[in-house]
Amino acid sequence: ASPLDSLFILSETEGWACGGNGALVHTIDGGETWIAQESSVPYSNGMPEPIWDIHFVDANQGLAAAEFGVVLRTTDGGKTWAPLAPRPVSAKLNGVHQINSQKAWIVGDYGTILHSTTGGKSWEIVSSSSHLTRIHFLGDDLGWAISMAGAVLHTSDGGQTWNPQNSGNVFQLFGIAFVNPSLGYIVGSN
């Protein structure tokens, strides 16, 4: 049995709980019985990611916030869950709240704040600071920065603006070098 870390109660009879090893459970009888739901969380570290918070806007549409930037979404009351790909950030996501069927917020480690106006299908990064570890520029304009949480930031205007890029990794990145604008190498753990 996995520990459960968060609980969301929609009504007197229906609610969900989530926790370690991607655990998701659902009740429709006021908590007398709980049924496990398949979360479909990724196995970034060789085991299912923990789910830290869950929130439903109605009996069908729900979001869950998990480890390593995993955002899960359901539109059928949790019968099926799908992780958003690519992940908007690599930080641990601690809390999620849906305002209505379109607007939602997620907060996480390193000052992460995510906002959705699409029912959780896509996310705007309002704030994220991922403890950057290295930076590399190729000429005056092209640059990349990497982080302790697998994040890669890229600039093409000499650092005036930085845009996230998907590294495919959620672990510590320690070194980066580019040999031309489209060929580069990044090293890190795992």
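Please refer to the structure higher up on the page.
Residues numbered from 1 in each chain as written. Predicted model: local features only at pLDDT ≥ 70, side-chain atom pairs only at ≥ 80, totals over all residues. Heavy atoms only, no water.

J.: Looking at this model, I keep getting lost on the packing of aromatic side chains. Mind explaining?
T.: Centre distance and the angle of the planes are the two values used to describe a pair of aromatic rings. Across all of its chains, the model carries six aromatic pairs by this definition. Ring geometry for Phe 8 versus Phe 56: centroids 6.5 Å apart, planes at 25°, classification stacked. Remark: Phe 56 occurs in strand E5 (residues 51-56) and Phe 8 occurs in strand E1 (residues 4-9); sequence separation between them is 48 residues. Relative accessible area serves as the criterion here: at 14%, Phe 8 is assigned to the buried category. (Phe/Tyr/Trp six-rings, centres within 6.5 Å; stacked < 30°, edge-to-face > 60°. Helix = DSSP H or I, 4+ residues; strand = E, 2+ residues; numbered from the N terminus. Buried < 20%, exposed > 50% of the residue type's maximum accessible area, 1.4 Å probe, protein only.)

J.: What's the story with unusual backbone geometry in this structure? I'm lost.
T.: Phi is mostly negative for residues that are not glycine, and the peptide bonds are mostly trans. Here the bond from Ala 85 into Pro 86 is cis, since omega is -5°, no more than 30 degrees from zero. For Pro 86, the location among the structural elements is in the loop between strand E8 (82-83) and strand E9 (93-98). Here the phi dihedral of Asn 21 falls at roughly 55°; this positive angle occurs in a residue that is not glycine. Within the secondary structure, Asn 21 sits in the loop between strand E2 (15-19) and strand E3 (24-27). A positive phi angle is found at Ser 40, which is not glycine, with a value near 60°. Relative to the helices and strands, Ser 40 is located in the loop between strand E4 (35-37) and E5. For Ser 40, a relative accessible area of 32% corresponds to the partly exposed category.

J.: Please clarify how the pairing of strand E18 (residues 183-188) should be interpreted in this entry.
T.: Looking down a regular strand, the side chains alternate between one sheet face and the other. For strand E17 (residues 173-180) and E18, the ladder comprises six bridges, and the chain directions are antiparallel. Across the sheet, the residue bridging to Gly 175 is Val 187, located in E18. From the end of E17 to the start of E18, which pair antiparallel, there are two residues. (Pairing = 2+ DSSP bridges.)

J.: Looking at this structure, how should I read the sheet that holds strand E6 (residues 62-66)?
T.: Backbone-to-backbone hydrogen bonds join strands into a sheet, with any given pair of strands oriented parallel or antiparallel. Sheet architecture is open: four strands sit in the order E5-E6-E7-E8, paired in antiparallel fashion. The open sheet is flanked by E5 and E8, the only strands paired with a single partner. Pairing analysis gives two bridges linking strand E7 (residues 71-74) to E8, with the strands arranged antiparallel. The residue of E8 that forms the bridge with Leu 72 is Pro 83.

J.: Help me out: how do you make sense of the nonpolar core in this one?
T.: Most often, soluble globular proteins keep nonpolar side chains buried together rather than apart. Counting residues in each nonpolar core, the largest one holds 13 residues, and the members touching the most others are Leu 24, Ile 51, Ile 54, Phe 56, Ala 64, Leu 72 and Trp 81. In terms of residue count, the dominant contributor to this core is E5 (three residues). Ile 51 has contacts with Asp 5, Cys 18, Gly 19, Gly 22, Ala 23, Leu 24, Ser 39, Val 41, Ala 64, Ala 65, Ala 66 and Leu 72, leaving out every residue within four places of it along the chain. Listed in part, the 10 residues of the second largest apolar core include Leu 63, Val 89, Ala 104 and Trp 123. (Core = buried A, V, L, I, M, F, W, Y, C linked by side-chain atoms within 4.5 Å. Contact = heavy atoms within 4.5 Å.)

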